[in-house]
Amino acid sequence: MMAELKIAFVGGGNMASALIAGLAGKLTAGGNIHVIDPHAPSLEKLNTQFGVTTAAAADDALRAANVIVLAVKPQSMREVAAQLLPFLDAGKAPLVLSIAAGIRAVDLSRWLGGYPAIVRAMPNTPALIGMGITGMVASSGVHAEQKEQADAILGAVGQTVWLADEAQIDPVTAVSGSGPAYVFYFIEAMQEAARELGLSEEQGTQLAIATFTGAAQLAANSTEPVSVLRERVTSKGGTTYAALASMEDSGVRAAIIKGIKAAAARGRELGEELGK
């Protein structure tokens, strides 16, 4: 049962903290969550807030875990895998859930001595407020119950999307993993335009953020395509039409698509570089 699920986090940074906040006392008790991180203040904070157990380095508590969540920087993953290896019980085969960008399951499995039960996931930063979305893919050694466990853990901080092929993780990284930065970038541009048009900093910020929030919620609640919602705001010859026509002339749509494809390409490159 999920209420008895024992979860070990390797890494106690922002994304791990967001997941723990969504899990502790909800999916499973805080005492069933163990966090490993060399940064003592982070551990102390997590222990105080959620009642998790902690350690500065890999320890025997890993042997009791049903799921081990790897929430470390991609560049550290090979070293972390070496530290984990002595604590992995092949007979028990806990699920290894990696949320590190760019690390392919085949490479992680190799670093873990051919370990089979790996789910690779790509969450995004809105998980920090429980509104994230995560793309996930399971290796062939993951059984149905473990998929449910992974889905419950990432579902604690937002929506989940299961992928059929790990190659799809790079597009997910490009669209939703990096996506919040694109939104913030557009909000910044709207704020700057507001200032140049004579509105105050506070007014521009309020208008831009509320517009994004409201439009996104409208799209989420509507049964109609986003293109139809856009068309309804765009009267020919009107103000919105003038703005969109100018953006189209400037190649804004094409630039966004090109940028997202560049992010996906970089994700593939990182996988190759880090997996060597």
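Everything numeric in this text was worked out from a predicted model, so none of it was measured. (Residues numbered from 1 in each chain as written. Predicted model: local features only at pLDDT ≥ 70, side-chain atom pairs only at ≥ 80, totals over all residues. Heavy atoms only, no water.)

How should the overall build of the chain be read in this particular structure?
Summing up its helical and strand segments, the chain has 11 helices and 8 strands in all. Taken over the C-alpha atoms alone, the chain extends approximately 70 × 40 × 35 Å along its principal axes. Counting every position in the chain, which comprises 276 residues, the buried fraction comes to 37%. As displayed, the chain has an accessible area near 14,900 Å², and 58% of this comes from carbon and sulfur atoms. Computed over 21 positive and 26 negative side-chain charges, the inter-centroid distance for the chain is 4 Å. (Helix = DSSP H or I, 4+ residues; strand = E, 2+ residues; numbered from the N terminus. Buried < 20%, exposed > 50% of the residue type's maximum accessible area, 1.4 Å probe, protein only. Areas by Shrake-Rupley, 256 points an atom, 1.4 Å probe, with all protein chains shown as cover. Lys, Arg positive; Asp, Glu negative; His and termini not counted. Charge placed at Lys NZ, Arg CZ, Asp CG, Glu CD.)

How should the pairing of strand β1 (residues 7-10) be read in this particular structure?
Successive side chains on a regular strand alternate, one facing one side of the sheet and the next facing the other. Burial along β1 is two-sided: Ile7 and Phe9 facing one way and Ala8 and Val10 facing the other are all buried. The pairing of β1 with strand β2 (residues 33-36) spans 4 bridges and is classified as parallel. Across the sheet, residue Phe9 finds its bridge partner in β2, namely Val35. In this view, the connection linking β1 to its parallel neighbour β2 by way of helix α1 (residues 14-23) has right-handed handedness. (Pairing = 2+ DSSP bridges. Right-handed = clockwise from strand over helix to strand, strands pointing away.)

Hey, could you run me through the sheet that holds strand β7 (residues 132-138) in this one?
The strands that make up a sheet are held in pairs by hydrogen bonds between backbone atoms, and each pair lies either parallel or antiparallel. One open sheet holds the 8 strands; their spatial order is β3-β2-β1-β4-β5-β6-β7-β8, and the pairing between them is mixed. Among the strands making up the open sheet, the edge pair consists of β3 (53-55) and β8 (158-162). Ignoring which end each strand starts from, the neighbouring axes of this sheet average 20° apart. The pairing of β1 with strand β4 (residues 67-70) spans 4 bridges and is parallel. Pairing of Ala8 across the sheet is with Ile68, part of β4. The strands that helix α5 (residues 144-155) touches are β1, β4, β5 (95-98), β6 (118-122), β7 and β8; relative to β8, the one it contacts most, it runs at about 145°. (Axes fitted to C-alpha atoms, helices over the stretch in contact; angles between N-to-C directions. Contact = heavy atoms within 4.5 Å.)

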